[in-house]
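# Residue-level structural notes
The lines below spell out each chain.
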Amino acid sequence: MQNSAVTAAETEYVAEKYFDMLFRLCLGILASTADAEDAVSETYVRYITRAPSFESEEHRRAWLIRVAVNVCKNMTRFRARHRHAEIDEAAGQAAEERDTGILESLFALPPKYRTVLYLHYIEGYKTDEMADILNASVSAVKKRLQYARERLKKEYMKGEKML
């Protein structure tokens with residue numbers, strides 16, 4: 001059931017509580033600060049206009065993550081159809097030299113692998129929780145996580161050999 005009226009106080013609460021988490025998620029998927037900001041903004045617009053009644057705070061958080069992932073997927077599809085030059089500024093924001101290599105390797109992965117790595121290692125979700133959020137089976141999430149780890153390791157090792 002749709003909640004037709006999200007109050008300004010609720011919107012402000014959600015923006016303050018979840019901005020950092022949503023921004024990191026979107027940045028990890030899109031690899032662009034500007035695109036990540038746009039994705040978070042679109043997520044908030046959808047929260048204001050389409051948010052259902054939530055059973056708990058965890059339900060609200062999972063809903064926001066699901067919407068943000070979908071927005072990022074749509075943006076990625078749009079970029080694939082409408083080619084343009086990318087400016088990868090996230091690697092330049094790394095605090096240390098070794099962080100740059102891992103970030104470059106992470107951004108070389110497809111978004112579906114970056115998403116599961118982020119949800120598991122940064123947000124601390126278990127595979128069954130990620131399956132609900134990503135609308136996938138538990139076994140699919142486990143395989144994505146396995147492939148993501150393997151591909152991240154290969155990408156990182158490839159980058160290390162180039163140095």
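That block above? That's the structure.
I will try to describe carefully the structure that is included in this document. Predicted model only: the values in this text are computed from it and were never measured.

Two elements in contact, helix H1 (residues 8-30) and helix H2 (residues 33-50), have axes separated by 8 Å at closest approach and are oriented at 140 degrees. Classified by the angle between their axes, H1 and H2 sit oblique to one another. Note that H1 runs across H2; the crossing there is right-handed. Contacts between H1 and H2 involve Glu-10, Thr-11, Val-14, Ala-15, Tyr-18, Phe-19, Leu-22, Phe-23, Cys-26, Leu-27 and Leu-30 from the first element and Thr-33, Asp-35, Ala-36, Glu-37, Ala-39, Val-40, Thr-43, Tyr-44, Tyr-47 and Ile-48 from the second. Residues of the contact of H1 with H2, tallied by class, amount to 15 nonpolar, three polar and three charged.

As a further point, take the pattern of salt bridges. Enumeration according to the criterion identifies six salt bridges in this entry. A salt bridge links Arg-46 to Glu-42; the shortest N-O distance between them is 3.0 Å. Of this pair, Arg-46 and Glu-42 both sit in helix H2, four residues apart, which is roughly one turn of the helix. Take Glu-42: its relative accessible area is 30%, and that puts it in the partly exposed class. The closest approach of N and O atoms between Glu-123 and Arg-61, which form a salt bridge, is 2.2 Å. With Glu-123 in the loop between helix H5 (111-122) and helix H6 (127-134) and Arg-61 in helix H3 (residues 57-81), the pair connects residues that are 62 residues apart, well separated along the chain. Salt bridges sharing partners connect three or more residues here, namely Arg-24, Glu-58, Arg-61 and Glu-123.

The set of residues buried in H6 consists of Thr-127, Met-130, Ala-131, Ile-133 and Leu-134. Across the axial projection of H6, the buried residues extend over an arc of 165 degrees, all falling on one side. Downstream of H6 by one or two residues, Asn-135 has phi in the positive range, about 55 degrees.

Cut-offs and rules
- Residues numbered from 1 in each chain as written.
- Predicted model: local features only at pLDDT ≥ 70, side-chain atom pairs only at ≥ 80, totals over all residues.
- Heavy atoms only, no water.
- Axes fitted to C-alpha atoms, helices over the stretch in contact; angles between N-to-C directions.
- Helix = DSSP H or I, 4+ residues; strand = E, 2+ residues; numbered from the N terminus.
- Parallel < 35°, antiparallel > 145°, perpendicular 65-115°, else oblique.
- Left-handed = near helix turned anticlockwise from the far one by under 90°.
- Contact = heavy atoms within 4.5 Å.
- Nonpolar A, V, L, I, M, F, W, Y, C, P; charged D, E, K, R; others polar.
- Salt bridge = Lys/Arg side-chain N within 4 Å of Asp/Glu carboxyl O.
- Buried < 20%, exposed > 50% of the residue type's maximum accessible area, 1.4 Å probe, protein only.
- Arc of directions from axis to C-beta.

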